[in-house]
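Take a look at the letters that make up each chain.
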Amino acid sequence: VIASMLKRVDNAVFEVVDLSIKGELEMGAAQVFDLASDGVQLTDLTNLTEEEIDGISEEDQKKIADLKATITDDTKAKIEDFKQQIIDGKLEVPFE
């Protein structure tokens, strides 16, 4: 399975600003923005904006559409299950 991940910087910035406004931002403390906090997410490329689409060649747009067409509902369900296992701590994703 080929996948594309989004780093949800918008959510991270919102959270940090919100904590700062509330006076709850702990300066110097590491913040974790993961699947559970919507800091990252798997994209199915369905939410592309017009500007993003305009930046993709027609050939690549067709490749994306062809790839999306091959992903079955069963595969989507398995991906969601893996996502929930990661959030629940049942499946560990190594990182460094």
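Please read these numbers as outputs of a predicted model, since none were measured by experiment.

A.B. asks: What is the right way to read the overall build of the chain from this model?
C.D. replies: A tally of regular secondary structure across the chain gives four helices and two strands. Ordered by position in the sequence, the α and β elements of the chain form the string β-α-β-α-α-α. Residue burial in the chain is summarised as follows: out of 96 residues, 5% are buried. For the chain, the share of sequence-separated contacts (at least 6 apart) that also reach a separation of at least 24 residues comes to 56%. Surface exposure of the chain reaches about 8100 Å², of which carbon and sulfur atoms provide 55%.

A.B. asks: Would you mind going over helix H1 (residues 9-21) with me for this structure?
C.D. replies: Since there are 3.6 residues in each turn of an α-helix, residues three or four apart along the chain are aligned in direction. With 13 residues, H1 should reach 18 Å at 1.5 Å per residue; the first-to-last C-alpha distance of 18 Å fits that figure. One or two positions beyond H1, positive phi appears at Gly23, with a value near 75°.

A.B. asks: For this particular structure, what's the right way to read a nonpolar patch on the surface?
C.D. replies: Among the surface-exposed residues, Val9, Val13, Val17 and Ile21 lie close enough to one another that they form a single nonpolar patch of about 390 Å² accessible area. In this fold, Val13 is placed in helix H1.

A.B. asks: Before we go on, may I ask you to explain the confidence of the model for the chain in this structure?
C.D. replies: The predicted structure's coordinates, where accompanied by low pLDDT, should not be read in detail. Mean pLDDT over the chain: 84, with 90% of residues reaching 70 or higher. Confidence scores differ between elements of the chain, with helix H2 (residues 50-54) showing the lowest mean pLDDT of 75 and H1 the highest of 93.

A.B. asks: What am I meant to see in the pattern of salt bridges here?
C.D. replies: It is possible for side chains bearing opposite charge to pair when their charged atoms get close. Under the counting rule described, the total for this entry stands at six salt bridges. One salt bridge connects Lys63 with Glu59, and the closest N-O pair in it is separated by 3.5 Å. Taken together, the residues Lys63 and Glu59, both in helix H3 (residues 58-69) and four residues apart, mark about one turn of the helix. Lys62 serves as the salt-bridge partner of Asp66, at 2.9 Å between the closest nitrogen and oxygen.

The rules behind each value
- Residues numbered from 1 in each chain as written.
- Predicted model: local features only at pLDDT ≥ 70, side-chain atom pairs only at ≥ 80, totals over all residues.
- Heavy atoms only, no water.
- Helix = DSSP H or I, 4+ residues; strand = E, 2+ residues; numbered from the N terminus.
- Buried < 20%, exposed > 50% of the residue type's maximum accessible area, 1.4 Å probe, protein only.
- Contact = heavy atoms within 4.5 Å.
- Areas by Shrake-Rupley, 256 points an atom, 1.4 Å probe, with all protein chains shown as cover.
- Expected span 1.5 Å × (residues − 1).
- Patch = residues over 30% accessible without salt bridge, like charges linked within 9 Å, V, L, I, M, F, W, Y side chains within 5 Å.
- Salt bridge = Lys/Arg side-chain N within 4 Å of Asp/Glu carboxyl O.
- pLDDT = per-residue confidence, 0-100.

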